[in-house]
Amino acid sequence: MSDAGRHPNIRILSNSEVVEVEGEPGAFTVTIVRHPRYVEEELCTGCGTCSTYCPISIPNPYDENLGPTKAISVWCPQAVPKKAYVDRNACQYFVGKCTLCIAVCKNKAINFAQKRKRGKVQVGAILVATGYGLFDVSHGPWGYGEFKNVVTSMEYERITNASGPTAGEILRRSDGVVPDRIAWIQCVGSRSFDFGRSYCSAFCCTYAIKQAMVTKDHHPDIDTVIFHMDVRTFGKGFEDLYNRAKKRGIKFVRSRIPVLREDPETKDIVISYYDGERLVRERFGMVVLSVGAVPAADNLKLSRLLGLELNEHGFFKAPSLYPLDGDRKGVYVGGCAVAPMDVPDTICSAGAAASEVAELLAPSRGTLSVKKEYPPERSVEGEEPKIGVFICHCGSNIAGVIEVKDLVDYAWTLEGVVYAEDQLISCSNEGLSRIVDQIKEKGLNRVVVAACTPRTHEPVFREALREAGLNPYLLELVNIREHCSWVHSMEKEVATEKARELLRMAVARARRLAPLSEPLLKVDKRALVIGGGVAGMTAALSLARQGFDVYLVEKEGELGGNFRKLRYTLEGRDPQVVLERLVSEIMTNPKVKAFVGYEVSELHGFVGNFKTVIASRQGERVELEHGVIVVATGGELLRPSSYLYGKHEGVVTQLELEQMLSEGKIPKGVKRVVMIQCVESREPGRSYCSRICCAEAVKNALKLKELDPEMEVVVLYRDMRTYGFVEDYYHKARQKGVLFLRYEAERKPSVEPDGEGLRVRCFVPTIAEELELKADLLVLSTPVIPGGTAEIAERLNLQTTPDGFLAEVHPKLRPVDSPSDGVFICGMAHYPKFSEEAISQAKTAALRAAILMSQEEIRASGAVCQVQEDLCMGCGACVEVCAYGALGLEEKKKGLKKAQVNPVLCKGDGLCVTKCPTGAVTLQHFTDQQIIEAIDALTETKD
Amino acid sequence: MSNPVGAVLVIGGGIGGIQASLDLASLGFRVYLVESKPQIGGRMAQLDKTFPTVECSI
């Protein structure tokens, strides 16, 4: 958020709407109306004084109206832009001429004469990412609005939030008491024809589990129960979250939407549900409604304005395999505007749309952008340390536990500190500007920020130092949130004491910090894409369309990967037509050079400057030079070893069934088909959910019914995970007479031969009986497993998840960035997914790779190892331990070898430092002196 | 089509719109990010922690 606020190429037009679009792709004129906020953005500092004095209290929309705010207010401490805003409907100026805020605003920022402004901008393309709305629960049968202790999931999100209306305390609205039991009701406004929302909102199951986990973090004693129809934890790492939740004691009760009633005396909520045998009544102190997503309110208006179509649910229409269908009309849609999806899918979907924009506008890249300029770096050589300390409240995340003011006073007493202050949110634009100003004003030459984790925030604060003309390595970030206020939230004094000690250590270390230089690297503007399946080809084409040369390497004898095996999609399209188009474009695009039948055999170099050797089966070797790598090596389908697969002719996989269906090879006698879901997955040893198999089963079941409506088709499942609009097909399959029967992981179905056919026995918990089913054909839904990811991970220095898929840097916000700089991941090597999803992800990977290649040069880290040659005796111990190949021995004179560090390859892990027998290697930014100083500060008794 | 205009209009300042804006801006395009509310951030700015790692969302 604050990155967007600070980016020199982004202009944020808040409070604005698009009213007219003219022109054509490449040259649109868009008319935008800016509604008045009655505050001049250029003058407002976001200090909030106006809000303090405003006499009108209104419900705070940021807190889902649970807490109060004022008629003039700043949305939240991190708001971008952090400017006050007047709620015209509540403000007394417009009815009674109240002018208190005008009187108290020192910057004369308040301006009630502000009018709507109309303006035009010229753009080449338009990207729609308008998100979703929330289902309105006030008219449903859940007693919302009537029963005080029934809240929506969004309200609960604010209740558990440290910056929320109850400062993170979970309290009942009826009496302010911590509830003893909390229930979540799933599918509120989803998967229900009663409310006109047939689809599944895709993210509610996982957020409900997250909320129950957060509840347990706050109060381990609160009993938490999730009422659901299916648990749909289909995303990467989600099944693991579900398993952790069960271990943590969170209960899952399967039932249709239960009935809620309020106990008039205690205000408890009594939930009645049918548990399979009888009606059960349970009492809860609080109930959370897991509210589903609805189309954003403006979709219809916007669709008319932009000439886009909506689907039957009111979301923007996305043709199947849609990123390929880019008709280059210059208007692209992504994220939840297209369908309900979670954050990483949103990033990829919006990234795919952005990638289409980048392709269309490639010839004009860089024509209207500006580069961020930094002031020249000030030399601090010979200066005594002048340390500034900035202590972040992080809303109440830190300040709610730690005595921040006390910490500021303490900072002033530490050696070298010449300035100290506390800040509401240090990483907000205002916080950062304040740091920049203080560095300049007070002549600071070291900065200590006591806030959160360096993993996410060190780059943010280093940037502030750069803007102030200080070397970024003169920053020390100390984590008093994760290490103090979060882990010791129940022991405030201890947490504060620990924060003092960590701060003392940080200041001691800061006194010894030295400026470091970052090597500049030229970037080779060619890309290597590994894997020629649908993801790899999509990434290669996207990069080529953006003007970059691409090498595409496929180890098989032909392009297409798993996609080649698919015969039809759920929506009835032919994947082979899409594949043909893709392959022909790959073969004809002059920017793409495809190496089919080649494998990567060696990789050298580093971000911006890779050298890769690929080899064909015949042993032909080709050396390629390139700046980035996109890994799209795909997944494999498991060949099952259970349920008589390979031992009985009547047992096939879903993919084999699909091929039989498309080739008309279903034997005439087949009248009864049984499908088993989750074969050899979602169980110890392979615990993840393979995401796509439920939809595949529904797809093939519908095809069978199409072939012969009289055919008996039974699907044995654990949870049907037909998320999003696929739910409609699940519904259709049930309408067509496909029978879905649930089984439990502990009592899996058993299969035995029965003449030509098979006999399947299955315990069905909903009727508490074992059924015997006869099957002419048994179809196994087998998971996608990682294919060769371990090998590629080792070669490219990537990491894999416990399930064996490639790991991304951040599961939420950076779903395609690998931990190795310049290497991006996409497709099924990352996790099982539908082709549409793989295509979106591939486009996003291409976009991220293009950003890197569009830079003339990039900076490597300055915190790397250095060899002091006169101490080095050339033993090579350091060379042996370096996992990155950053060290080598160089012959200085005949017979005299010295270790050399390649600063670009060095990751600064310091392993070599520990191995060097003579102390010749030092890790800059983590020198012995800096570390010892910090330890001394910890152990000194003076306080 | 003569050379297109090297600028983009992004409608919607939630996490999808913000990330797309950042990526396109870093790639060298001028971005106008239009948001109907007085501030960007969308729903994610209101969330407490995010799944599956249960980490801070802002």
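Calculation criteria
- Residues numbered from 1 in each chain as written.
- Chains lettered and ligands numbered in written order.
- Predicted model: local features only at pLDDT ≥ 70, side-chain atom pairs only at ≥ 80, totals over all residues.
- Heavy atoms only, no water.
- Helix = DSSP H or I, 4+ residues; strand = E, 2+ residues; numbered from the N terminus.
- Buried < 20%, exposed > 50% of the residue type's maximum accessible area, 1.4 Å probe, protein only.
- Contact = heavy atoms within 4.5 Å.
- Areas by Shrake-Rupley, 256 points an atom, 1.4 Å probe, with all protein chains shown as cover.
- Rg over C-alpha atoms; globule rule 2.2 N^0.38 Å.
- Lys, Arg positive; Asp, Glu negative; His and termini not counted.
- Charge placed at Lys NZ, Arg CZ, Asp CG, Glu CD.
- Pairing = 2+ DSSP bridges.
- Axes fitted to C-alpha atoms, helices over the stretch in contact; angles between N-to-C directions.
- Salt bridge = Lys/Arg side-chain N within 4 Å of Asp/Glu carboxyl O.
- Buried area = accessible area lost by both parts, 1.4 Å probe.
- Polar contact = N/O pair within 3.5 Å; in protein donor to acceptor, adjacent residues only side chain to side chain.
- Nonpolar A, V, L, I, M, F, W, Y, C, P; charged D, E, K, R; others polar.
- Disulfide = S-S within 2.5 Å.
- Right-handed = clockwise from strand over helix to strand, strands pointing away.
- Patch = residues over 30% accessible without salt bridge, like charges linked within 9 Å, V, L, I, M, F, W, Y side chains within 5 Å.
- Left-handed = near helix turned anticlockwise from the far one by under 90°.

Enquirer: Got a minute to help me understand the overall build of chain B in this structure?
Expert: Looking only at helices and strands, chain B has 1 helix and 4 strands in total. When the helices and strands of chain B are read in sequence order from the N terminus, they spell out β-α-β-β-β. Put simply, chain B has 58 residues, and 72% of those count as buried. Sequence-distant contacts in chain B: of pairs separated by 6 or more residues, those separated by 24 or more amount to 24%. When the accessible surface of chain B is totalled, it reaches about 1500 Å², and 48% of it is carbon and sulfur.

Enquirer: Sorry if this is basic, but what is going on with the overall build of chain A here?
Expert: Looking only at helices and strands, chain A features 24 helices and 48 strands. Expected size for 943 residues packed as a compact globule is a radius of gyration near 30 Å; at 30 Å, chain A falls within 12% of this value. Along the first, second and third principal axes, the C-alpha atoms of chain A reach 90 × 85 × 65 Å. Within the span of chain A, comprising 943 residues, buried residues form 59% of the whole. Put simply, 69% of the contacts in chain A that link residues at least 6 apart link residues at least 24 apart. Carbon together with sulfur atoms contributes 50% to the accessible area of chain A, which is approximately 39800 Å² in total. Across chain A, the centroid of the 118 positively charged side chains sits 3 Å from that of the 124 negatively charged ones.

Enquirer: In this structure, what is going on with the sheet that holds strand β1 (residues 10-13) of chain A? I would like to understand it.
Expert: Sheets are built from strands that pair by backbone hydrogen bonding, the pairs being arranged parallel or antiparallel. As summarised here, the arrangement of the 5 strands in space is β1(A)-β2(B)-β1(B)-β9(A)-β20(A), forming an open sheet in which the pairing is parallel. Two strands lie at the open edges of the sheet, namely β1 and β20 (331-333) of chain A, each paired on one side alone. Pairwise comparison of adjacent strand axes, ignoring direction, gives a mean angle of 20° for this sheet. Two elements, strand β9 (residues 125-128) of chain A and strand β1 (residues 7-11) of chain B, share 4 bridges in a ladder whose sense is parallel. Considered in β1(B), the bridge of A125(A) is made with V8(B). Across the sheet, helix α9 (residues 343-360) of chain A touches β9 and β20 of chain A together with β1 of chain B, and the angle it forms with β9(A) is around 180°.

Enquirer: Quick question: what am I supposed to make of the pattern of salt bridges here?
Expert: When the charged atoms of two side chains with opposite charge come close together, those side chains can pair. Residue and element names in this part refer to chain A. Tallied over the entire structure, the rule returns 75 salt bridges over all chains. Between D63 and R158 there is a salt bridge whose closest N-O contact spans 2.8 Å. Pair noted here: D63 is in the loop between β4 (57-59) and β5 (68-70) and R158 is in helix α5 (residues 153-159), with a separation of 95 residues, a long-range link. Each of the two residues, D63 as well as R158, counts as buried. Taking the shortest distance from any N to any O, the salt bridge between E421 and R434 comes out at 2.7 Å. One end of the pair, E421, is in strand β22 (residues 417-423); the other, R434, is in helix α11 (residues 429-442), with 13 residues separating them in the sequence. Accessibility expressed as a relative area gives 9% for E421, which makes it buried. Exposure remark for R434: the relative accessible area of 37% places this residue in the partly exposed category. Overlapping salt bridges bring together R191, D230, R232, E239, R254, R682, D719, R721 and E727 as one network.

Enquirer: Hey, could you run me through the interface of chain B and chain A in this one?
Expert: Facing 53 residues of chain B, the contacting portion of chain A comprises 92 residues. Summing both partners gives a buried area of about 6300 Å² for chain B against chain A, and 67% of it is carried by carbon and sulfur. Inspection of the region where chain B meets chain A yields 1 salt bridge. A salt bridge links D23(B) to R848(A), with the nearest nitrogen and oxygen atoms 2.7 Å apart. Our count for the contact surface shared by chain B and chain A stands at 30 residue pairs in polar contact (both at pLDDT 80 or more). Element by element, the count of residues in the side of chain B that touches chain A is highest for helix α1 (residues 15-27) of chain B, at 13 residues. Tallied by class, the residues present in the side of chain B that touches chain A amount to 30 nonpolar, 15 polar and 8 charged.

Enquirer: Looking at this structure, how should I read the state of the cysteines?
Expert: Where two cysteines share a covalent bond between their sulfur atoms, that bond is called a disulfide. Residue and element names in this part refer to chain A. Taken as a whole and assessed by the stated rule, the structure comprises 0 disulfides over all chains. Note on C47: no disulfide assigned, nearest cysteine sulfur contributed by C50 at a separation of 6.2 Å. We classify C47 as exposed; its relative accessible area is 55%. C204 takes part in no disulfide bond, and the closest cysteine sulfur, belonging to C200, lies 6.7 Å away.

Enquirer: How do you make sense of the pairing of strand β47 (residues 896-901) of chain A when you look at a structure like this?
Expert: The two faces of a sheet get side chains in turn, since along a regular strand they alternate between them. Residues and elements named next belong to chain A. Examined bridge by bridge, strand β46 (residues 887-893) and β47 share 6 bridges and lie antiparallel to one another. Its bridge partner lying in β47, G888 is registered against Q900. Turn length for the β46-β47 hairpin, with the two strands adjacent in sequence and antiparallel, is 2 residues, and the turn residue G895 shows positive phi of about 80°.

Enquirer: Can you walk me through the pairing of strand β13 (residues 223-228) of chain A in this structure?
Expert: Residue and element names in this part refer to chain A. In terms of burial, β13 is largely enclosed, as 6 of its 6 residues are buried. Judged by which residues are buried, β13 turns out to be covered on both faces: D223, V225 and F227 on one side and T224, I226 and H228 on the other are all buried. Sheet topology places strand β12 (residues 181-188) next to β13; 5 bridges connect them, and they run parallel. Across the sheet, W184 pairs through a bridge with I226, a residue of β13. Crossover β12 to β13 through helix α6 (residues 204-218) is right-handed. Sheet topology note: the β13/strand β14 (residues 251-254) ladder contains 4 bridges and is parallel. Considered in β14, the bridge of V225 is made with K251. Crossover connection from β13 via helix α7 (residues 238-247) to parallel β14: handedness right-handed.

Enquirer: Help me understand the environment of G16(B), please; the structure alone is not making it clear to me.
Expert: Examined against the element boundaries, G16(B) turns out to sit in helix α1. When sequence neighbours within four positions are dropped, the list of residues in contact with G16(B) reads A129(A), T346(A) and A350(A).

Enquirer: What's the story with the environment of L444(A) in this structure? I'm lost.
Expert: Residue and element names in this part refer to chain A. Turning to its location among the elements, L444 is positioned in the loop between α11 and β23 (446-451). C-alpha of L444 to C-alpha of K671: the two residues are 227 residues apart in sequence and 81 Å apart in space. Apart from the residues lying within four places of it in its own chain, the contact partners of L444 are R378, K386, I387, G388, F390, V418, Y419, Q438, I439 and L470.

Enquirer: Just to check I follow, could you spell out the sheet that holds strand β39 (residues 757-764) of chain A for this structure?
Expert: Residues and elements named next belong to chain A. The sheet built from 3 strands is open, its strands ordered β38-β39-β40 with antiparallel pairing. Pairing within the sheet leaves two strands with one partner each, and these edge strands are β38 (750-754) and β40 (769-775). Ignoring strand direction, the axes of neighbouring strands in this sheet form an average angle of 25°. Of the pairings in the sheet, the one linking β38 to β39 comprises 5 bridges and is antiparallel in character.

Enquirer: What's the story with a nonpolar patch on the surface in this structure? I'm lost.
Expert: A contiguous nonpolar surface patch, about 250 Å² in accessible area, is contributed by F926(A), I931(A) and I935(A). Looking at where I935(A) falls in the secondary structure, it is placed in helix α24 (residues 928-939).

Enquirer: When you look at the packing of helix α21 (residues 835-853) of chain A against α1(B) in this model, what are you seeing that I'm missing?
Expert: Packed helices, taken two at a time, are described by the angle their axes make and the gap between the axes. Packing of α21(A) against α1(B) leaves a shortest axis separation of 8 Å and a crossing angle of 35°. The crossing of α21(A) and α1(B) is left-handed. Between α21(A) and α1(B), the contacting residues are L847(A), R848(A), A850(A) and I851(A) on the first element and Q19(B), D23(B), S26(B) and L27(B) on the second. Looking at the contact of α21(A) with α1(B) residue by residue, the class counts come to 4 nonpolar, 2 polar and 2 charged.

Enquirer: Explain the side chain of E157(A) here, please?
Expert: In this structure, E157(A) sits in helix α5. Within the local environment of E157(A), its side chain forms a polar contact with the side chain of K210(A), the two groups lying 3.0 Å apart.

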